Amino acid sequence: MNTYWSYVCRVFQLFAVKMIKCARYVSQNISTGSNFLIQSQTFIPVIRNTYSNKSGTVGKITIKSKPPSTQNCDWIGPADPVSNLRPIKFYIPTDETALQREFREKRHRIQEWNGSFWKKHNKNFIQAKENFIKTKLDQLGHFNSDGTKRTLTADEMSEFYRSFLRENHKNHLAYNWEWYKKTIGLLMPAIKCNMEKIFTKIRGTVT
C-alpha cells in the first residue's frame, strides 16, 4: 500500500513540475516564438549560462561561432528581411513520438501563418509609407528654401502613422485574436507531450 501511494505522489510531483515548465514554455512562445534566442547569419543554438551576484541570478548568453554538426534543440535563424521575424528550425528527435510530431507540426504551421501575415502587412506598410511621402513632398515641394532636399518631419509623418493604424485597426484586432487562439491551442498538445514523457520516465523507473 505504501508503495502504491509513493508511486501516486511521485506521479503528481512530476506532473506539477512539467506543468510549470509547460506554462513557462507557452509564455515564452507567445512573446518570442521559442525558448531560444539567436543572433546569427546561420541557424545556430544558444548556450545559456547563469551566474549569481548580490542582486540574484543573472542570465548570460554565449553564442557559438558555428553551428554544430548535429541538432539537439530548436534553432533560430536571422530575422526575415520582410516580416522581421526569426524563423525557427524545430528539433526532431530520433525517437519522436506521434504526439511530439503533432505538437511540432502545429508549432510549424503557426510559425508559417504568423510569418505570412507580417510579410503581407509590412509590404503594405512600406508601400503606403512611400506613397504618402511622395504625395506629401509633391504638395510641399521636394526642396527647402535654402535649396537642400526636403525630408518630412516627425509631426508630418505622424499623420501617416495615425491614418495607417486607423485603416488597419480591424485587421490588427483580428490578427491578435487569432494569434491568441492559436498560441493557447498549443497548451493541450504540450500537456499531452509532457504527460507522455512523465509516464515513459515512470515506466522506465519502475521496470
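Refer to the structure above for everything that follows.
Presented here is an overview of the structure given in this document. Throughout, a residue's number is its position along its own chain's written sequence, starting from 1. Local features in this predicted model are restricted to residues of pLDDT 70 or higher, and side-chain atom pairs are both shown and tallied only at a pLDDT of 80 or more, whereas totals for entire chains, interfaces and linings draw on every residue. Excluded from the side-chain calculation are hydrogens and water; included are all heavy atoms of the structure.

Quick word on the overall build of the protein chain
No. 1: Secondary structure elements are defined from DSSP: runs of H or I of at least 4 residues count as helices, runs of E of at least 2 residues count as strands, and each element is numbered from the N terminus. The helix and strand inventory of the protein chain stands at five helices and four strands.
No. 2: In sequence order, the secondary structure elements of the protein chain are arranged as α-β-β-β-β-α-α-α-α.
No. 3: Contacts are residue-level and defined by heavy atoms, with any inter-residue pair within 4.5 Å sufficient. Long-range contacts, defined as pairs at least 24 residues apart, comprise 59% of the intrachain contacts of the protein chain with a sequence gap of at least 6.
No. 4: Note that accessible areas follow from Shrake-Rupley with a 1.4 Å probe, and for residues the cover is restricted to the protein chains shown. Taken as a whole, the protein chain presents about 14700 Å² of accessible surface, with 57% of it coming from carbon and sulfur.

Topic: the packing of aromatic side chains
No. 1: Aromatic pairs are defined between Phe, Tyr and Trp rings, using the six-membered ring for Trp, whenever the two ring centres lie within 6.5 Å; interplanar angles under 30 degrees are classed as stacked, those over 60 as edge-to-face, and all others as tilted. By the definition in use, this model includes twelve aromatic pairs.
No. 2: With 4.3 Å between their ring centres and 15° between their planes, phenylalanine 117 and tyrosine 175 make a pair best called stacked. In this pair, phenylalanine 117 sits in helix H2 (residues 98–140) while tyrosine 175 sits in helix H4 (residues 169–184), placing the two residues 58 residues apart along the sequence.
No. 3: Given the relative accessible area of 9%, tyrosine 175 is considered buried.
No. 4: For the pair tyrosine 175 and tryptophan 179, a centre-to-centre distance of 6.4 Å together with 10° between the ring planes defines the contact as stacked. With tyrosine 175 and tryptophan 179 both in helix H4 and four residues apart, the pair spans about one turn of that helix. No difference in accessibility class separates tyrosine 175 from tryptophan 179, as the two residues are buried.
No. 5: An aromatic cluster is defined as three or more aromatic residues linked by ring pairs; in this entry it consists of Trp113, Phe117, Trp118, Tyr175 and Trp179.
No. 6: For a Lys NZ or an Arg CZ to count as sitting over a ring, it must be within 6 Å of the ring centre and within 35 degrees of the ring normal. One cation-aromatic arrangement involves arginine 107 over phenylalanine 103; the distance from NZ or CZ to the ring centre is 5.6 Å. Only protein chains enter the accessibility calculation, which uses a 1.4 Å probe; a residue whose area is less than 20% of its type maximum is buried, one above 50% is exposed, and one in between is partly exposed.

A look at the nonpolar core
No. 1: Grouped together as the largest cluster of nonpolar side chains are seven residues: Phe103, Ile110, Tyr175, Trp179, Leu186, Ala190 and Cys193.
No. 2: Within the residue set of this core, elements represented by two or more residues are H2, H4 and helix H5 (187–206).
No. 3: Counting six residues, the second largest nonpolar core, distinct from the first, contains Phe132, Leu137, Leu152 and Phe160. By nonpolar core we mean a set of buried residues, namely Ala, Val, Leu, Ile, Met, Phe, Trp, Tyr and Cys, connected to one another through side-chain atoms within 4.5 Å.

Regarding the environment of asparagine 194
No. 1: Along the chain, asparagine 194 falls in helix H5.
No. 2: On the basis of relative accessible area, asparagine 194 is assigned to the buried category, the value being 14%.
No. 3: Separated by 94 residues in the primary sequence, asparagine 194 and glutamine 100 place their C-alpha atoms 9.2 Å from one another.

Structural notes on unusual backbone geometry
No. 1: If you check the backbone angles, asparagine 84 has positive phi at about 65° while not being a glycine.
No. 2: Following the sequence through the fold, asparagine 84 ends up in the loop between strand S3 (75–76) and strand S4 (88–89).

Considering H4
No. 1: Over its 16 residues, H4 extends 23 Å from the first C-alpha to the last, a length consistent with the 22 Å expected when each residue adds 1.5 Å.
No. 2: Burial in H4 covers these residues: His172, Tyr175, Trp179 and Thr183. Angularly, the buried residues of H4 cover 60° about the axis, an arc narrow enough to put them on a single face. Opposite the buried face of H4, at more than 90 degrees from it, the exposed residues are Lys170, Trp177 and Ile184. In this analysis, the expected span of each helix is defined as 1.5 Å times one less than the number of residues it contains. Each direction from the helix axis to a C-beta atom contributes to the arc, which is the arc of those directions.

Digging into the packing of H2 against H4
No. 1: Contact geometry of H2 with H4 gives a least axis separation of 11 Å together with a crossing angle of 165°. Judged by the inter-axis angle, H2 sits roughly antiparallel to H4. For the element pair H2 and H4, the recorded crossing hand is left-handed. Contacts between H2 and H4 involve Ile110, Trp113, Asn114, Phe117, Trp118 and His121 on the former and, on the latter, Asn171, His172, Tyr175, Glu178, Trp179 and Lys182.
No. 2: Polar here means any residue other than Ala, Val, Leu, Ile, Met, Phe, Trp, Tyr, Cys and Pro, which are nonpolar, and Asp, Glu, Lys and Arg, which are charged; Gly is therefore polar. For the contact of H2 with H4, the residue count by class is six nonpolar, four polar and two charged. Angles shown run from 0 to 180 degrees and are taken between the N-to-C directions of axes, each axis being a line fitted to C-alpha atoms and, for helices, limited to the stretch in contact. Should an angle lie under 35 degrees it is considered roughly parallel, over 145 roughly antiparallel, and from 65 to 115 roughly perpendicular; all remaining angles are considered oblique. Take the far helix as the reference: if the near one is turned anticlockwise from it by less than a right angle, the crossing is left-handed, and if turned clockwise, right-handed.

Focus on the pattern of salt bridges
No. 1: Salt bridge criterion: a side-chain nitrogen from Lys or Arg within 4 Å of a carboxyl oxygen from Asp or Glu. If you walk through the whole model with that rule in mind, you get seven salt bridges.
No. 2: Here glutamate 96 and arginine 104 are joined by a salt bridge, their closest N and O atoms 2.7 Å apart.
No. 3: Looking at arginine 104, the relative accessible area reads 16%, which means it is buried.
No. 4: The shortest N-O distance in the salt bridge between aspartate 138 and lysine 134 comes to 3.4 Å. With aspartate 138 and lysine 134 both in helix H2 and four residues apart, the pair spans about one turn of that helix.

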